Each structure stands twice: as structure tokens, then as C-alpha cells.
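Understanding the architecture of this molecule
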Amino acid sequence: MDESGGSGQPRSGTDEATERHEGPQASTGPAADAPRPGPESPEDPTGPKPTEPGGSTETPQPAEGTEPATHHPSDESPATHHPSDESPATPRPSDESPATPRPSDESPATPRPSDEPQAHPGPTDDTPSHFGAPSDPETTGAARTLAKSGSGKGRPPRREKGPGGGLLMGRPFGVPVYVAPSWFLVAALITWVFGGQLDRVLPELGALRYLVSLFFAVAFYASVLVHELAHTVAALRFGLPVRRIQLQFFGGVSEIEKESETPGREFVLAFVGPLLSLVLSGVFYLAMQTVEPGTVPGVLLGGLMISNLIVAVFNLLPGLPLDGGRMLRAVVWKITGKPMSGTIAAAWVGRALAVSVLIGLPLLTQSGALGDASEDIGGMDTVMDALLAAILAAIIWTGAGNSLRMARLREHLPELRARALTRRAVPVETSTPLSEALRRANDAGARALVVVDADGQPLSLVREAAIVGVPEHRRPWVAVSGLAQDLTDGMRVSAELAGEDLLDALRANPATEYLVVEESGEIYGVLSAADVERAFVKAMARPS
């Protein structure tokens, strides 16, 4: 069978930025004069329960110098602060940490030596801080730190090509074409079945009939490739990216990464595939008229004509995931103005079609409506027909369900906005002790730390897992630079990203935290992959 459709659903794995973030979420609060951070925000009921952090994290060496002097924004002289006195109380992981760190988390890097930079002004608001807690879209819209990002406008990173999933055959129109391993199984099956038919039509071929059958199998799948290329060319014409074409069991798939913007384009995009199959069927019919019947060319051309006709008719059936289902979806979308309504209608028609194939195909074969007399059908043929019907029905039913889930995902994707999910961040210098950095974050109502140089240019992001891994009594002696992850271009995302664009940017560069920047280049805050995942789960849980 043939199906073509989008791939915007986030996967869990190494290429998904919405993978489960298992690093701990630390929070800080002063012990005496500042309010203790409360439990996880009630706005995020799906967040995990607090647990005692475990795992081991290598303790970084003390910052330069022997005294872990911390500096308040006021002009007090530097002094060593005990966690129980002037410096803020470090987070109690059993109260604030929503996840248990794994021993496999990255160990803090060795602090980089640097000169003492000028103190960078932090935020001035007095909002209570829950450092490391899940981001709350209702409160993250406050004023952000206006440090420069040093990279100009925040542009989403370019998405990398995913793995092929088969043997690469070429790149027509710049789109990779892969042959899945299952194709070789189908090619062998076609060779065996068509070879048996050739034995009745051209018995003089002998063993050469299997070579002719193999050629037919390759030519048939070349026709399927033409069918898929029709979808691909139409998608590219409409500005829709195509990830790949894959020839596999029962046909091919064109993986179009975005939905059509209008029902008219959706209809055209779906119809061009069956149309090309009908055209090929006509071409093979005309070519068959030029050769002698009962010869190898005549039999091959006749088989290709019939097979392409079957592909066209089957794909025009009005049920998802078939092309006819997408055409039905476009019609309902046009009538109702709601793409989701079209998807629901076409998906349920597809499920009804699956049941019809499961029951009707064996009955049609048994009755002789497909060309065989019932008395000539043996027990093995009946079993094979039932097995074929079950496989086709399962493919159609599963594809219809997947189409429903994909439509629901796309419907809720716009709710994921980088600006709403970003945590407020405080810039700190490379040599700032961790205890002092956490105190500044608490005073500013921030939940993230960005390490900057003397000019305010961001260098790295302090990792939450590394913070919780540092014992409380060691924090005045540990520089934030030793707990930070260096920024790469892919870790800078625009605050304007939302929906699929946001997921594409995170998927292209998997990380636990990202620096969110304004179009002007100013730092907006830090985006946690765990916050994106929680928001995604909440959005998917809402009824459509």
C-alpha cells in the first residue's frame, strides 16, 4: 500500500529534545530572611514527586584562592559566609528536587581559570525563587536579564537529517530514497508467486521464469517509486519539506514533515499519486498493444498494467491512511473549515474499510469474483488469502489510528511556546562561588544561572544535575564555571519559537537546557527540556 504523511510527532530517544529529563531540579532560599521555596508549582500537576537525590557527582576543585568570598550587591566587604548565616540556604533535595539524578549524569567540568570580571548587575525584582522548579507560564513573562547573547538574533538551529532506515538508492529532487529490508522479503514473495503464474502461461521458460519474475518485482516497485515521487514533487512545489521516501512491505511512504496549509493543496497532494499510477497503467496498456500476446514482454507489460491499476484503485479508497482518505479529509476540511473534523471522519472511514477488507477479501476470493472459480481454490490458497486480508486490514487500521494521534498532536503543538516555558535566568561570572550564585538567583526570583564573561557575553549554562550533586558545605568553595555546560550554536533558541518549530529546534540539538534569546540578541532566560516535555504531556492530555 501507499501512504504519505507528516512526521512532527516527538520521539523519545537520542534525537528527541523532549526526552525525559532525569536531572534534579534544585531550588534555593535563604535560611533566615528570605522565604523558603515552596513545593512544586500547582500549575504543573503532572510533575514528578520529590525524591531524595542519589547518584554521585564529582566534587569540583575550589575556585581560585583559598577564601570562598561571596559578594552581596551592596558594598559590604567580602567575607566567608556560612550556609546557615548570611548566604542563602542551599536547596534541600528531598523538598525541592523533582527527580533523582542518575549516576550517569555528566560530572562537573573542571573550573576554567579566569580573571575576576566586573560584577554583572542582576535582576532587581523581589519575586520569590524556586530554582530548578518546573516553569510556570503564568509567571515567566516577567522582565528578563538584559545581558547580550553575543550571537545576534536567535535563529533556530538547522535540523539534521535523520537515519535512513534502509539501503540508500539515490536522492531524486534532493530527497533520499531508501529500500527497507522488508522489501527484499516482498520481492522474493512476488518472484515466487509470479513465477508460478508464468509456469502456466509460458511453460517453455523453465527455471528462467523466476528471473523474469524478479524483473517484474523490481519494475513494479519502480512504479511505486514513481507514485511516491509524485507526492514528493507536489509537496516540494507547495513548500513542504520531505524527509525521505522509503520502499517497504506493501508499498512506499513519502515522509512529508508538515501539513498542507489549505484543503485544496491537501487534495492535490493526495491525488497526484494515484493519478500517476493510472497514467502508468495506461502507458503499459498502450505498450502491450505493440507486442505479441503470450510472449515474455506481453506478459510483463500486462502484469505491470494490472498491478498499477490495482495500486491506483486501492489508494483511492476513502479512508486514512490511504490517499483517498486524505482526499476525503480535504473535502470535509473544506466543508467544515476544521482540519481535525476531516481527520476524524477519514480515520473512522479507514477503520471501517479495514474491517471490510478483513471480511470481504477472503469472501470475494472464495466466490470467484476476483477471477478464480471457487472449486479451484485449495485450502492453502484460502489460508493465504485470509492472511493477506489480515495484514492489509491491520495496516489500514493502524494507519487510521496513527493519523488520529498525529492530528491531535498537531492541534496542540501551538500551545508549546518558548517564551511561556522559559525560566528566568541570572548572569554570574565564571569565578562566582555556587552559594553566592544561588543567593543571587533566589533574590532575583530566577530559576536558572547563565555564566557570562566580563562583557556580559554568555559562555555556558549551569546544569541543575551538577548543582544538586555538590554537597551543601562545599558550595562556597565551588565556582559555577565548574558546573556549567559550554554553549553551542544549537543551544541558543529564539524566544519566538513555538509549536513544531520549537520541537524541531530542540530535536536537532538534544540538550537538557537551552539559552533563550530575543531577536535583538538579549538573553531572555533558560529553557529546560524537562519543562517542554511536561507541557507537551499536559497539552496532549487535554481533550480536543
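The notes below deal with the structure included here. (Residues numbered from 1 in each chain as written. Predicted model: local features only at pLDDT ≥ 70, side-chain atom pairs only at ≥ 80, totals over all residues. Heavy atoms only, no water.)

Turning our eyes to something else, we now look at the overall build of the protein. Counting its regular elements, the protein contains 13 helices and 12 strands. In the protein, which comprises 544 residues, the share counted as buried stands at 50%. In the protein, the proportion of contacts linking residues at least 24 apart, taken out of those at least 6 apart, comes to 75%. When the accessible surface of the protein is summed, it comes to about 25300 Å², and 60% of that surface belongs to carbon and sulfur atoms. (Helix = DSSP H or I, 4+ residues; strand = E, 2+ residues; numbered from the N terminus. Buried < 20%, exposed > 50% of the residue type's maximum accessible area, 1.4 Å probe, protein only. Contact = heavy atoms within 4.5 Å. Areas by Shrake-Rupley, 256 points an atom, 1.4 Å probe, with all protein chains shown as cover.)

Before going further, it helps to spend a moment on the pairing of strand 2 (residues 167-170). Pairing between strand 2 and strand 3 (residues 177-179): three bridges, direction antiparallel. Across the sheet, Leu-168 pairs through a bridge with Tyr-178, a residue of strand 3. Hairpin geometry of strand 2 and strand 3 is characterised by an intervening segment of six residues between the two adjacent antiparallel strands and by a positive phi of about 60 degrees at Phe-173. (Pairing = 2+ DSSP bridges.)

Strand pairs in the sheet, formed through backbone hydrogen bonds, run parallel or antiparallel to each other. Read across the open sheet, the four strands follow the order 6-7-8-9; overall the sheet is mixed. The open sheet has two edge strands, strand 6 (425-429) and strand 9 (484-486), and neither has a second partner. Shown here is a sheet whose adjacent strand axes are inclined to one another by a mean of 35 degrees, direction ignored. Examined bridge by bridge, strand 8 (residues 458-462) and strand 9 share three bridges and lie antiparallel to one another. Looking across to strand 9, one finds that Leu-461 is bridged to Gln-485. Each of strand 6 and strand 7 (448-452) is contacted by helix 10 (residues 434-444), which is oriented at about 150 degrees to strand 6, the strand it contacts most. (Axes fitted to C-alpha atoms, helices over the stretch in contact; angles between N-to-C directions.)

Moving on, we come to the pattern of salt bridges. According to the stated counting rule, one finds 17 salt bridges in the structure shown. In this structure, the salt-bridge partner of Glu-266 is Arg-326, at a minimum N-O distance of 3.3 Å. Taken together, the positions of Glu-266 in helix 4 (residues 263-288) and Arg-326 in helix 6 (residues 323-336) put the pair 60 residues apart, joining distant regions of the chain. For Arg-326, a relative accessible area of 8% translates into the label buried. (Salt bridge = Lys/Arg side-chain N within 4 Å of Asp/Glu carboxyl O.)

With mixed pairing, three strands are arranged side by side in an open sheet as 10-11-12. Strand pairing shows two members of the sheet lacking a second neighbour, strand 10 (492-494) and strand 12 (523-528), which therefore form its edges. Each strand of the sheet is rotated relative to its neighbour by a mean of 35 degrees, with strand direction disregarded. Two strands pair when backbone bridges link them, and strand 10 and strand 11 (residues 513-517) are joined in this way by three bridges, in the parallel orientation. Bridging across to strand 11, Val-493 finds its partner in Val-516.

Among the nonpolar cores identified, the biggest contains 32 residues, and Val-450, Tyr-514 and Leu-527 are the most heavily contacted of them. Looking at this core, the elements with two or more residues in it are helix 9 (418-421), strand 7, helix 12 (499-508), strand 11, strand 12 and helix 13 (529-541). The residues touching Val-450, leaving out its near neighbours within four places in the chain, are Ala-425, Val-426, Pro-427, Val-428, Pro-458, Ser-460, Leu-461, Leu-515, Ile-523 and Val-526. Val-186, Val-212, Ala-217 and Phe-284 belong to the second largest nonpolar core, which has 25 residues in total. (Core = buried A, V, L, I, M, F, W, Y, C linked by side-chain atoms within 4.5 Å.)

A separate point is a nonpolar patch on the surface. Together, Phe-267, Val-268, Phe-271, Leu-275, Leu-278, Val-279, Val-283, Leu-309, Val-313, Leu-316, Val-331 and Ile-335 line one region of the surface with nonpolar side chains, adding up to about 930 Å² of accessible area. Elements represented by at least two residues in the nonpolar patch include exactly helix 4, helix 5 (296-315) and helix 6. Looking at which element gives the most residues to the nonpolar patch, the answer is helix 4, with seven residues. By the secondary structure assignment, Val-313 is in helix 5. Residue classification places Val-313 among the partly exposed positions, given a relative accessible area of 48%. (Patch = residues over 30% accessible without salt bridge, like charges linked within 9 Å, V, L, I, M, F, W, Y side chains within 5 Å.)

A word on the environment of Leu-353. With respect to the secondary-structure elements, Leu-353 resides in helix 7 (residues 339-367). A relative accessible area of 16% means that Leu-353 is categorised as buried. Between the alpha carbons of Leu-353 and Pro-318 there is a distance of 8.3 Å; along the sequence they are 35 residues apart. Not counting chain neighbours up to four residues away, the residues in contact with Leu-353 comprise Leu-317, Leu-322 and Ile-396.

Along the chain, Ser-307 falls in helix 5. A distance of 3.0 Å separates a polar side-chain atom of Ser-307 from the backbone oxygen of Leu-304. Other than its neighbours up to four places away in sequence, Ser-307 contacts Phe-216 and Phe-220. (Polar contact = N/O pair within 3.5 Å; in protein donor to acceptor, adjacent residues only side chain to side chain.)

Now for helix 4. Every α-helical turn comprises 3.6 residues, leaving residues that sit three or four positions apart pointing alike. With 26 residues, helix 4 extends 38 Å from end C-alpha to end C-alpha; this agrees with the ideal 38 Å at 1.5 Å per step. Buried within helix 4 we find Pro-263, Glu-266, Leu-269, Ala-270, Val-272, Gly-273, Pro-274, Ser-277, Leu-280, Ser-281 and Phe-284. If you follow the buried residues of helix 4, they end up packed against helix 3 (208-237), strand 5 (251-256), helix 5 and helix 6. (Expected span 1.5 Å × (residues − 1).)

The first and last C-alpha atoms of helix 3 sit 44 Å apart over 30 residues, in line with the 44 Å expected at 1.5 Å per residue. Gly-239 sits one or two positions beyond helix 3 and adopts a positive phi of about 80 degrees.

The omega angle of the peptide bond from Leu-320 to Pro-321 is 10 degrees, so this bond is cis rather than trans. Take Pro-321: it is sitting in the loop between helix 5 and helix 6. A positive phi angle, near 60 degrees, is found at Phe-173, a position not held by glycine. Relative to the helices and strands, Phe-173 resides in the loop between strand 2 and strand 3.

Turning our eyes to something else, we now look at the packing of aromatic side chains. Counted by the stated rule, this structure contains six aromatic pairs. Seen from their ring centres, Phe-267 and Phe-271 are 6.2 Å apart, and the 25 degrees between their planes marks the pair as stacked. One end of the pair is Phe-267 and the other is Phe-271, both in helix 4 and four residues apart, which spans about a single turn. Accessibility expressed as a relative area gives 31% for Phe-267, which makes it partly exposed. Judged by its relative accessible area of 31%, Phe-271 falls in the partly exposed class. Aromatic ring contacts, followed pair by pair, group Trp-183, Phe-184, Phe-194, Phe-216, Phe-220 and Tyr-221 into a single cluster. For Arg-351, the ring lying beneath its charged end belongs to Trp-397, and the centroid distance is 5.2 Å. Looking at Arg-419, its charged tip hangs above the ring of Tyr-524, at a distance of 4.8 Å from the centre. (Phe/Tyr/Trp six-rings, centres within 6.5 Å; stacked < 30°, edge-to-face > 60°. Lys NZ or Arg CZ within 6 Å of the ring centre and 35° of its normal.)

No statement about biological role is implied by the geometric values presented.
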